[in-house]
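Here's the letter readout for the chains.
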Amino acid sequence: MAEYKGVMILGEAKEGKLATIATELLSGGRKLADDLGQELSALLIGSGISGLAKEAIAFGADKAYVVDDPLLQDYQTDSFVFVTEKVVKQVMPQILLLGQTSIGRDLAPRLAFRLNTAASLGCLELAIDPQSKLLLQTKPVYGGNAQAVFTCPSFPQIATVRAKAMTPLEPDQSRKGEVITVDAALDPSAIRTKVLEKVAEKVEGIKLEDAGVVVSGGRGIGSAEGFKQLEELAKVLKGAVGATRPPCDNGWMPAGAQIGLTGKIVAPDLYIAVALSGSSQHMSGCSGSKTIVAINKDPEANIFREARFGIVGDWKKTLPAFTDKLKELLAQ
Amino acid sequence: MNMIVCIKQVIDPEAPPSSFKIDPSANKVVPPQGVSPVIDPYAEYGVEAALKIKDAKGGKITAISLGTNQSRDIVKKPLAMGADELVLLEDEAFDGGDSYSTAYALAMAIKKIGEYDIIFCGREASDWNAGQVGSGISEILGLPGVTLARKIDITDGKARVERVTDEGYEVIEVSLPCLITVSNEIGEPRYPTIKGIMAAKKKEPIIWKPADIGVEASKIGAAGRHTKLLKLFQPVRGGKCEIIEGESPEEAAANLALKLREDKVL
């Protein structure tokens, strides 16, 4: 029987380039492959995506498997499971990594059941167990209150990885690798869904995930008007505004602004947490921030255990003065 | 329209973080004292999705829940919200499972129910955040599936599902029967009405044991796991926070700005 060997990542494309998450997976996958002394490959699925192979190799892949077919233009569960299953059975990687994206979250579990193995979704850390050589999959559970380390004794071991959990390598354009084309051989009638429309929701200003500074508010902000003040500070710092779950549930902020386990994950240089308690579920969306600053009137609030600097006090009094002073300092 | 919703009883995820304790020797969560368990919030979104369709088109909703020590008051909530039947897979043999053994048992129970147009699951459960049971059930039953739904319309025997994506959303058309996992964007689940609560009180759940749904003992509960939990732990946060003071809140704020500048954070 052939042996399972190597690490494979699914490289999602975005606007004709390798998505950031794919470069993060290549970096994480490179380390695992090196620890095992095995190869790292990238699986690229889509339509008109063969150009990504070179990029994947520059970011650390030894091989790139390209499945390029007009039927793969849009992500659809049936077509992507079919193609991934086909390539996995051909290549037999020990480990298959995907991003914790709307694609990875759909594809990974379905594929795990199809291949009679298992997956862990939303991992923060991956490592090779020195004894068993199995993949140690660490992920938040119980809404971020705890973390769990899972292993899966069957191959391939499948995991999805959260955004920003890994840092991409510097691309090396001189790296050499092999590009292998795989025929999709899809039967269109086997695709049981149809994508009628794709809607990109526009964000004003800087995208939360890309912002260097995030100003975030919690239940204590109290209203949509309150968030206007956070927006002003964000504007001064050229940052973006986020929120915990209650402001989004109450309609003070759009659902897309939610940061946390059930929302977006950010890792800015500066995270300014205003009138939010710092629940585990929220912190798991921002704990990767370089510096956290907290303004909260409750000195016992959990956020002060996470923050580097803090003010105990009413945000309504402190925030305007803070914004004014920063304006002054940044103008100098 | 026949609908099935998979639900689950969990530790209240809104309980204060300080009440959350684990027993590291057993790799288990210690249920917090004095905090009542709840229906998993994501599963409640699934119930809400089914009720919206029932409101518009009529139909029957069967809720199904797997576990032991399920409090009747809690697992009856879908009935109080407007579901019609409740099936409990209640047996110690179902204990200690993961997404794989759970999806298998639920799929076998759904097969026994037999008639269904849509199966709903939450996009994940708030305890293990695995996010796989829904996909697993659709795979085992050979059904098409759509995950992360935020809106569902039924027209001409097909479902049009708005699926949340990283960029916004997409509209997917899927034939029935199918499985749909529901995300929080579907909107707040309704509160049970007094009438609903009274009706739920009178309604007895249907209890199924492993033999009733024809499962293989090696594929359910702990025996049927595909994953191994090596370690469960609470991450230690050792951050030391410097509290910035001032004569007035305004002065403290100005001092904080100066401090950030000084430390070259900005």
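Each chain carries its own residue numbering, running from 1 in the direction its sequence is written. For this description, chains carry letters from A and ligands carry numbers from 1, given in the order in which they are written. Residues qualify for local features only when their pLDDT is at least 70, as the model is predicted, and side-chain atom pairs are given and counted only at 80 or more; totals for whole chains, interfaces and linings, by contrast, use all residues.

### Describing the overall build of chain A
(1) Moving on: Helix numbering and strand numbering both begin at the N terminus, where a helix is a DSSP run of H or I of at least 4 residues and a strand a DSSP run of E of at least 2. Scanning chain A from terminus to terminus reveals nine helices and 18 strands.
(2) Moving on: With the radius of gyration taken over C-alpha atoms, the globule rule is written as 2.2 Å times the number of residues to the power 0.38. Relative to a compact globule of 332 residues, whose C-alpha radius of gyration would be 20 Å, chain A shows 22 Å and is just as compact.
(3) Moving on: Along the three orthogonal principal directions, the C-alpha set of chain A runs to about 70 × 45 × 40 Å.
(4) Moving on: Our contact criterion uses C-beta atoms placed from the backbone: two residues qualify when those atoms are within 7 Å. Counting only contacts in chain A whose residues sit at least 6 apart along the sequence, the fraction spanning at least 24 positions is 62%.

### Remarks on helix α4 (residues 99-113) of chain B
Residue and element names in this part refer to chain B.
(1) Moving on: Between its first and last C-alpha, α4 extends 21 Å over 15 residues, near the 21 Å set by a 1.5 Å rise per residue.
(2) Moving on: Across the 15 residues that make up α4, a large majority, twelve, are buried.
(3) Moving on: Between the buried cut of 20 or more and the exposed cut of 12 or fewer other C-beta atoms within 10 Å of a residue's own C-beta lies the partly exposed class, and all C-beta atoms are placed from the backbone. Every buried residue of α4 is listed here: S99, Y100, S101, T102, A103, Y104, A105, L106, A107, M108, A109 and I110. Expected helix span is taken as 1.5 Å per residue step, with the number of steps being one fewer than the number of residues.

### A few points about the sheet that holds strand β8 (residues 125-128) of chain A
Sheet strands pair by backbone hydrogen bonding; their relative direction is either parallel or antiparallel.
(1) Moving on: Paired strands, in this sense, are two strands between which DSSP finds at least two bridges. Taken in spatial order, the four strands make up an open sheet running β8(A)-β9(A)-β10(A)-β14(B), and their pairing is antiparallel. With one partner strand each, in any of the chains shown, β8 of chain A together with β14 (228-233) of chain B form the two edges of the open sheet. With strand direction ignored, the average angle separating the axes of adjacent strands in the sheet is 25°.
(2) Moving on: The sheet contact formed by β8 of chain A and strand β9 (residues 135-141) of chain A spans four bridges and is antiparallel. Bridge pairing links I128 of chain A to L135 of chain A in β9 of chain A. Note on definitions: angles span 0 to 180 degrees between N-to-C directions of axes, and those axes are lines fitted to C-alpha atoms, for helices only across the stretch in contact.

### Focus on the environment of W315 of chain A
All names here are of chain A.
(1) Moving on: Of note, W315 is situated in helix α9 (residues 315-331).
(2) Moving on: Overall, W315 belongs to the buried group, with 25 C-beta atoms counted inside 10 Å.
(3) Moving on: Considered as a pair, W315 and G16 are 299 residues apart in the sequence and their alpha carbons are 43 Å apart.

### Let's talk about the interface of chain B and chain A
(1) Moving on: The interface is formed by 64 residues belonging to chain B together with 64 residues belonging to chain A.
(2) Moving on: If you list the elements that add at least two residues to the side of chain B that touches chain A, you get α5 (133-141), β9 (145-155), β10 (158-164), β11 (168-175), β14, β15 (242-243) and α7 (249-262) of chain B.
(3) Moving on: If you tally residues by element for the side of chain B that touches chain A, the top one is α7 of chain B, at nine residues.
(4) Moving on: Put simply, Ala, Val, Leu, Ile, Met, Phe, Trp, Tyr, Cys and Pro go in the nonpolar bin, Asp, Glu, Lys and Arg in the charged bin, and everything else, Gly too, in the polar bin. A breakdown of the residues in the side of chain B that touches chain A according to their chemical character gives 33 nonpolar, 16 polar and 15 charged.

### Overview of the pairing of strand β6 (residues 60-66) of chain B
All names here are of chain B.
(1) Moving on: For β6, a buried count of six out of seven residues is recorded, marking the element as mostly surrounded by other parts of the structure.
(2) Moving on: Note: strand β1 (residues 2-7) against β6, six bridges, orientation parallel. Bridge assignment links M3 to a residue of β6, and that residue is I61.
(3) Moving on: Bridge count between β6 and strand β7 (residues 85-89): five bridges; the pairing is parallel. Bridge pairing in β7 links S65 to L88.

### Some words on the pairing of β11 of chain B
(1) Moving on: Inspection of the sheet shows strand β13 (residues 193-200) of chain A paired to β11 of chain B by seven bridges, in the antiparallel sense. Opposite V195 of chain A, over in β11 of chain B, you have I172 of chain B as the bridge partner.
(2) Moving on: As paired elements, β10 of chain B and β11 of chain B share seven bridges and run antiparallel to each other. Of the residues in β11 of chain B, the one forming a bridge with R163 of chain B is E170 of chain B.
(3) Moving on: A loop of three residues connects β10 of chain B with β11 of chain B, the two strands running antiparallel in sequence.

### Brief notes about the nonpolar core
(1) Moving on: We call a set of buried Ala, Val, Leu, Ile, Met, Phe, Trp, Tyr and Cys residues a nonpolar core when their C-beta atoms link them within 7 Å. L44 and A56 of chain A together with V5, A105, L106 and I180 of chain B are the most contacted members of the largest nonpolar core, which totals 139 residues.
(2) Moving on: Among the elements that take part in this core, α4 of chain B stands out by supplying nine residues, more than any other.
(3) Moving on: Among all residues touching A105 of chain B, those that are not within four sequence positions of it are L66, L89, F94, I213, V215 and I220 of chain B.
(4) Moving on: Counting residues in each nonpolar core, the second largest holds 52 residues, with F227, I259, M283 and F309 of chain A among its members.

### Some points on the domain arrangement of chain A
Residue and element names in this part refer to chain A.
(1) Moving on: Each assigned domain of chain A is listed with its residue range as follows: domain 1 (7-190) and domain 2 (208-331).
(2) Moving on: An automatic or database domain assignment is the source of the domain bounds shown. Centre-to-centre separation of domain 1 and domain 2, based on C-alpha positions: 33 Å.
(3) Moving on: On the side of domain 2, nine residues touch domain 1, which itself brings seven residues to the contact.
(4) Moving on: Grouping the constituent residues of the side of domain 1 that touches domain 2 by class yields two nonpolar, three polar and two charged.

### With respect to the confidence of the model for chain B
(1) Moving on: Confidence scores per residue from the predictor, reported as pLDDT, run from 0 to 100. On average, chain B scores 95 in pLDDT, and the residues at 70 or more come to 99%.
(2) Moving on: This complex was scored by the predictor with a pTM of 0.92 and an ipTM of 0.93.

### Observations concerning the sheet that holds strand β11 (residues 157-161) of chain A
Residues and elements named next belong to chain A.
(1) Moving on: On the basis of which strands lie adjacent, the open sheet formed by seven strands has the order β7-β11-β6-β1-β4-β5-β12 and parallel pairing. Two strands in the sheet have a free side with no partner beyond their single neighbour: β7 (118-123) and β12 (178-181). Neighbouring strand axes in the sheet, compared pairwise and without regard to direction, differ in orientation by 20° on average.
(2) Moving on: The sheet contact formed by strand β4 (residues 40-46) and strand β5 (residues 63-68) spans six bridges and is parallel. In the strand pairing of β5, L43 is matched with Y65.
(3) Moving on: The strands that helix α3 (residues 77-91) touches are β1 (7-10), β4, β5 and β6 (95-99); relative to β4, the one it contacts most, it runs at about 150°.

### Let's talk about the domain arrangement of chain B
The parts lose accessible area when they come together, and the size of an interface is often stated as this lost area.
(1) Moving on: Once the domains are mapped, chain B shows domain 1 (2-224) and domain 2 (236-266).
(2) Moving on: The C-alpha-based centres of domain 1 of chain B and domain 2 of chain B are spaced at 46 Å.

### Here's the deal with unusual backbone geometry
(1) Moving on: Omega for the bond connecting F155 of chain A with P156 of chain A falls within 30 degrees of zero, at -10°, which places this linkage in the cis form.
(2) Moving on: You can see P156 of chain A is positioned in the loop between β10 (146-151) and β11.
(3) Moving on: The linkage connecting L176 of chain B with the following residue, P177 of chain B, adopts the cis geometry, with an omega of 0°.
(4) Moving on: By the secondary structure assignment, P177 of chain B is in the loop between β11 and β12 (178-182).

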